[in-house]
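Notes for the structure review
Listed below are the residues making up each chain.
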Amino acid sequence: MTNMRSLMCGQVDESHVGEELSLCGWVARRREHGEHLAFIDLRDHTGVVQCVVDGAADLRSEWVVRITGTVRNRPEGTVNDQLATGAVELGGCAIEVLSRAEPPPFPLDDRSGDVDEVVRLRHRYVDLRREEMQRNLRTRARIVGAIRRSMDEQGFVEVETPLLIASTPEGARDFVVPSRHRPGSFYALPQSPQLFKQLCMVGGLDRYYQIARCLRDEDLRADRQFEFTQLDAEMSFADQEDVLEVISAAVDAAAGTVTGEAIGEVERMRWVDAMNRFGSDKPDIRFGMELTELTDLFVGTGFNAFTASSIKGIRHPGASSATSRTRLDDLTDSAKRWGAKGLVWMRVETGDDGELILNSPVAKFMTDAELSGVAQRLGAEEGDLLFLVADDWATTTHVLGLLRLELGRPPTDDGVLRFLWVVEFPLFETIDPDTGRPVPAHHPFTMPHPDDIDLLDGSPEQLTSVRSQAYDLVLNGWELGSGSVRIHRSDLQQRILDLLGIAADEAAARFGFLLDAFRYGAPPHAGFAFGVDRLVALLLGVDNIREVIAFPKTQSGTDPLTGAPTEIDAAQLADLGLRPLPPQG
RNA sequence: GGUCCCGUGGUGCAGCUUGGAGUGCACGCCGGCCUGUCAAGCCGGAGGUCGCGGGUUCAAAUCCCGUCGGGACCGCCA
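Now for a look at the structure at hand. Along every chain, residues carry numbers that run from 1 in the direction the sequence is written. A letter from A marks each chain and a number from 1 marks each ligand, given out in the order of writing. pLDDT decides what is reported in this predicted model: residues at 70 or higher carry local features, side-chain atom pairs at 80 or more are listed and counted, and totals for whole chains, interfaces and linings draw on all residues regardless. Each side-chain value is derived from all of the structure's non-hydrogen atoms; neither hydrogens nor water enter the calculation.

1. What about the sheet that holds strand S14 (residues 344–350)?
This is how the line gets drawn: At least two DSSP bridges between two strands are required for those strands to pair. Helix and strand definitions here come from DSSP, where helices need a minimum of 4 consecutive H or I residues and strands a minimum of 2 consecutive E residues; each element is numbered from the N-terminal end.
Pairing is antiparallel in the open sheet, where five strands are placed in the order S12-S13-S16-S14-S15. Of all strands in the sheet, those bounded by a partner on one side alone are strand S12 (292–293) and strand S15 (356–359). Bridging between strand S13 (residues 310–316) and strand S16 (residues 385–391) involves seven bridges; their strand directions are antiparallel. Within S16, the position partnered with Ser310 by the bridge is Asp391.

2. Some points on the pairing of strand S2 (residues 38–44)
Where we set the bar: Each residue gets one of three labels from its accessible area relative to the maximum for its type: buried under 20%, exposed over 50%, partly exposed in between, using a 1.4 Å probe on protein chains only.
Most of S2 sits inside the fold, with seven of its seven residues counted as buried. In S2, alternate side chains face the same way, and those of Ala38, Ile40, Leu42 and Asp44 on one face and Phe39, Asp41 and Arg43 on the other are all buried. Where strand S1 (residues 20–32) and S2 come together, six bridges link them in antiparallel fashion. The residue of S2 that forms the bridge with Trp26 is Arg43. Joining the antiparallel neighbours S1 and S2 is a turn of five residues, in which Gly34 adopts a positive phi near 90 degrees. Here S2 runs beside strand S3 (residues 47–53); their pairing, made up of seven bridges, is antiparallel. Its bridge partner being in S3, Leu42 is matched across the sheet by Val49.

3. Regarding the packing of helix H3 (residues 131–153) against helix H13 (residues 532–540)
Applied cut-off: Here an axis means a line fitted to C-alpha atoms, over the contact stretch when the element is a helix, while the angle between two N-to-C directions is reported on a 0 to 180 degree scale. Should an angle fall under 35 degrees it is taken as roughly parallel, and over 145 as roughly antiparallel, whereas 65 to 115 is taken as roughly perpendicular and any remaining angle as oblique. Here a crossing is taken to be left-handed if its near helix is turned anticlockwise relative to the far helix by less than a right angle, and right-handed if that turn runs clockwise. We call two residues in contact whenever any of their non-hydrogen atoms come within 4.5 Å of each other. For this classification, Asp, Glu, Lys and Arg are treated as charged, while Ala, Val, Leu, Ile, Met, Phe, Trp, Tyr, Cys and Pro are nonpolar and the rest, including Gly, are polar.
Orientation of H3 relative to H13, taken along the N-to-C sense of each, is 120 degrees, at an axis distance of 10 Å. For the element pair H3 / H13, the angle class is oblique. The handedness of the crossing between H3 and H13 is right-handed. On H13, the residues that touch Arg135, Asn136, Thr139, Arg140, Ile143, Val144 and Ile147 of H3 are Val532, Asp533, Leu535, Val536, Leu539 and Leu540. Classifying every residue of the contact of H3 with H13 by side-chain character gives eight nonpolar, two polar and three charged.

4. Structural notes on the nonpolar core
To be explicit about the condition: Grouping buried Ala, Val, Leu, Ile, Met, Phe, Trp, Tyr and Cys residues that are joined through side-chain atoms within 4.5 Å yields what is termed a nonpolar core. Annotation comment: domain bounds sourced from an automatic or database domain assignment.
Within the largest apolar cluster, 63 residues are counted, with the highest numbers of intra-cluster contacts made by Leu231 and Ile247. With eight residues, the top contributor of residues to this core is helix H5 (residues 240–259). Residue contributions to this core reach at least three from each of two domains, namely domain 2 (131–262 + 529–574) and domain 3 (267–272 + 417–521). Apart from residues no more than four positions distant in its own chain, Leu231 is found in contact with Ile147, Met151, Tyr209, Gln210, Ile211, Ile247, Phe528, Ala529, Phe530 and Val532. Counting 21 residues, the second largest nonpolar core, distinct from the first, contains Leu7, Cys9, Cys51 and Leu59.

5. Quick notes on the environment of Val49
Along the chain, Val49 turns up in strand S3. Look at Val49 and you get buried, because its relative accessible area is 0%. For the pair Val49 and Gly373, spaced 324 residues apart in sequence, the C-alpha separation works out to 67 Å. If sequence neighbours within four positions are ignored, Val49 has contacts with Cys9, Val12, Leu23, Ile40, Asp41, Leu42 and Thr85.

6. Regarding the side chain of Thr446
As a reminder, the rule being used: Any pair of nitrogen or oxygen atoms within 3.5 Å is treated as a polar contact; in protein, a donor-acceptor pairing is required on top of that, and neighbouring residues in sequence qualify only through side-chain atoms on both sides.
For Thr446, the location among the structural elements is in the loop between strand S19 (438–440) and helix H10 (460–464). Here His443 takes part through its backbone oxygen, which lies 2.8 Å from a polar atom of the side chain of Thr446. Excluding its chain neighbours within four sequence positions, the residues that come into contact with Thr446 are Leu427, Ser468, Ala470, Ser484, Val485 and Ile487.

7. Brief notes about the pairing of strand S17 (residues 419–423)
Most of S17 is tucked away: five of the five residues are buried. In S17, alternate side chains face the same way, and those of Phe419, Trp421 and Val423 on one face and Leu420 and Val422 on the other are all buried. Bridge analysis of strand S11 (residues 267–270) against S17 gives four bridges, and the strand direction is parallel. Each bridged residue has a counterpart across the sheet, and for Met269 the counterpart in S17 is Val422.

8. Comments concerning the pattern of salt bridges
Just so we agree on the cut-off: Each reported salt bridge corresponds to a side-chain nitrogen of Lys or Arg within 4 Å of a carboxyl oxygen of Asp or Glu.
A complete count under the given rule lists 42 salt bridges for this structure. Between Arg486 and Glu234 there is a salt bridge whose closest N-O contact spans 2.7 Å. Of this pair, Arg486 sits in the loop between strand S21 (478–485) and helix H11 (490–500) while Glu234 is found in strand S10 (residues 227–236), placing the two residues 252 residues apart along the sequence. Across this residue pair, the class does not change: Arg486 and Glu234 are buried. A salt bridge links Arg270 to Asp273, with the shortest nitrogen-to-oxygen separation between them at 2.9 Å. Looking at Asp273, the relative accessible area reads 23%, which means it is partly exposed. Salt bridges sharing common partners tie together Arg120, Arg124, Asp127, Arg130, Glu132 and Glu547.

9. A few points about the packing of aromatic side chains
Both the distance between ring centres and the angle between the ring planes are used here to describe each pair of aromatic rings. Defined as follows: A pair of Phe, Tyr and Trp rings is counted when the ring centres sit within 6.5 Å of each other, with Trp represented by its six-membered ring. The angle between the planes then sorts it: under 30 degrees is stacked, over 60 is edge-to-face, the rest tilted.
Within this structure, the stated rule accounts for 10 aromatic pairs. Relative to Phe365, the ring of Phe303 has its centre 5.5 Å away and its plane inclined at 10 degrees; by these criteria the two rings are stacked. Note that Phe303 is positioned in the loop between S12 and S13 and Phe365 in the loop between S15 and helix H8 (368–378), a separation of 62 residues in sequence. Phe303 sits in the buried class, given a relative accessible area of 9%. Here the aromatic cluster, defined as three or more aromatic residues joined through ring pairs, consists of Phe298, Phe303, Phe306 and Phe365.

Written out as structure tokens, the structure reads:
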């Protein structure tokens, strides 16, 4: 293999019996039996092999050693079935210590519970030796390789786009890099290669892709880091169907490296259906508990809290007896934190005459018709819990969507992969109450749905009902990525910019180079990007992308290993023409 | 910007509700014994600012306030 070693630890088997081998690795464990016998478990990323020393072995955990010995079958009765190499051992070993090591700061086997993540991150180089981290990073590499091969095979050309780019005010908060040559001016690090990949289309690359690092200075979460990796792609002379097909193939290749099977045809759902049925634009469709429309049951109701424009409910089957009043109060508090005015819960019970009874503090404010309507609409059965929210449509769906996840979401590692295309996103999110202008839901270059273009001239209500040719890929309730068909005609682009209230000079200043480019022959094009970290995490069944990133940051954006972010010295600041403000307060 | 949870020898936990000597468990570490173990075993030992600061109290790991660090989430992430 190399001059130093002849085989990897995990590869030693009965076919090597009689061979003298040199193996290198870390001392995983040692079992010493006095002056005459010692067992050393030698570990590298491929596994562990037992090495026998006929004497004392002056070794400690995690020392780095080179062991030379002869492979032999283990004596009868000492074969270890738990170990892949357990039928053989390296005998008559001579040991060369390559590096001594202090005791590891935390156990490297899986014997204890989860180690504090800060301790792991501070000593990430030790953490990475653990089998789980090796698996995660090596699987990640195979997934990225599969994605690359898939895109290559589909005729996409990998192009690197710049990391130091011009800041654009919309979207996420930029990370920013001061310019030494032009003090007071800054580069931004890309939130995504969005504009560059569209320039690639104008440039005739036809099909672009990149495994791209993206940076966004927003608050971190289990599925969000400052910097993350996307498969970014764009294709010319293509529509939404073409993009969905290409990306589905790439995701299928990625999933196949882990599951060994095809993901099949990816389901599709319109955005409006996702919101109505699941209260989310990234529904987790591994489980039911869908939202049920109840608004019409309460038209003209005497229950003041339910004189709302949108009333929906969910049913938690069989949950009543296992759910305490305290828990219900907690859920009500949660619903209020999420924006609801309140949460109505009902225990489904059976009366003496066998009739269903909805037991709830607010039942007395509802008519029998309303109560039976709720029970029937939700399909209530004895022992169920029902939850109702009455508010505007956005709040009702949002709160019940979150409640549904809180109550019914399966664990991340349940082994189920439910991919979903969410299509027909709205073109505009809302109408800004201050400016009266629509706010783009995706970005200003998103192509409206062809059937809705006439609505662009309509009322504000009509504007918010305009669908776009934007689409998201969702897996088990995580947004993997999004894309759209782009506007390539300057007249339509101008109409959208006018609607958004972006004046010509402003547009020129913000992304004029793209608009200029489009004047020189822009092919119709469409694209997509999905998060590699999230995909890898879900394929591995881990609920945190830090587990699939070699050197991640904490939730507050620090790196316990390097201490980043750090202050820089005065000379460096002066060189950049920067002076920190005095501390506030 | 906000809500909630966590912080006890190197690691993981218990102790906190109901204040009473740094009390306990497992692993690790150091030393000794040990010729077939494999989470080796047996014996002995060391190791602590109970995150930090303040308050209440005769007395605080324990109760209260603040703060720092970490995590989950809401907002935010075109």
